[in-house]
Structures are given as C-alpha cells and as structure tokens.
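Next come the chains, spelled out residue by residue.
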Amino acid sequence: QGQLLAKSWSSLFGGQSGAALRGPIHSFNGRDVLADPLWPHRLAWHGSTPRGGHARRWDCQGWRSSGTAEGMAAALGEGRLLAGHRHNCSAP
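Residues numbered from 1 in each chain as written. Predicted model: local features only at pLDDT ≥ 70, side-chain atom pairs only at ≥ 80, totals over all residues. Heavy atoms only, no water.

1. A word on the environment of Asn 88
Our working definition: Strands here are runs of E lasting at least two residues and helices are runs of H or I lasting at least four, both read from the DSSP assignment and numbered beginning at the N terminus. Summary of the burial criterion: residues with accessible area below 20% of their type's maximum are buried, those above 50% are exposed, and those between are partly exposed, where the area comes from a 1.4 Å probe applied to protein chains only. Contacts described as polar in this section are N or O atom pairs within 3.5 Å, which, within protein, must combine one atom able to donate a hydrogen with one able to accept it, while residues neighboring in sequence count only if both atoms come from side chains.
Relative to the assigned elements, Asn 88 resides in strand 3 (residues 85-88). The exposure class assigned to Asn 88 is partly exposed, which follows from its relative accessible area of 32%. Linking Asn 88 and Met 72, residues 16 residues apart in sequence, is a C-alpha distance of 8.8 Å. In terms of polar contacts, Asn 88 uses its side chain to reach the backbone amide nitrogen of Ser 90, at 2.6 Å.

Structure (structure tokens):
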C-alpha cells in the first residue's frame, strides 16, 4: 500500500525528460520536505556523480561547521536525483 515515487529506477536516477517525483517525500520526523517551510532548499544530499559514483571532492565527508566545503545535492523538484550541483555543506 505505498505511493508510487517514480515510474522506474532509471527515471528516478537517470533524469529522463519530464521525470518528476510523484507523491510526498517525508523526513524522519514525518514532515513533507516538498511542502514544509522548514525545508527551504528542498535538496537531496548525495555526494554522487551523475552516473552514481562517489564524488570524492564533493561529498561533505569530514565537514565541520566552520568549514567552506561543498557537496553534491540535487533539487528534489527537478526529478533528477543524481543530477547535482555543488552546495555549501553548511546549507540547511
């Protein structure tokens, strides 16, 4: 009895044209991250390359709050979870 998040594995990660997430995505405390104002940037932090490999320089590994490190994250509204752009690891 779940909700369909994407049509296929490849559409979820491959970013097929027009692919979009279906249904809500909930945080561990039950908030819908696509609608809740607590999540202003609506990013999925992943530290991966677009092909799913480890983006070693951009994974926020070892990040400290006083640092300026960047990590790979994808905007949830784009429907391409592994497409990513570098974002400051301090971003909420």
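2. Concerning unusual backbone geometry
Even without glycine at this site, Arg 42 takes up a positive phi of about 50°. Relative to the helices and strands, Arg 42 resides in the loop between helix 1 (9-14) and strand 1 (43-45). With relative accessibility at 25%, the residue Arg 42 sits in the partly exposed group. The residue Cys 60 is not glycine, and still its phi comes out positive at about 60°. Mapped onto the elements, Cys 60 comes out in the loop between strand 1 and strand 2 (70-75).

As far as function goes, none of this settles anything; it's purely spatial.
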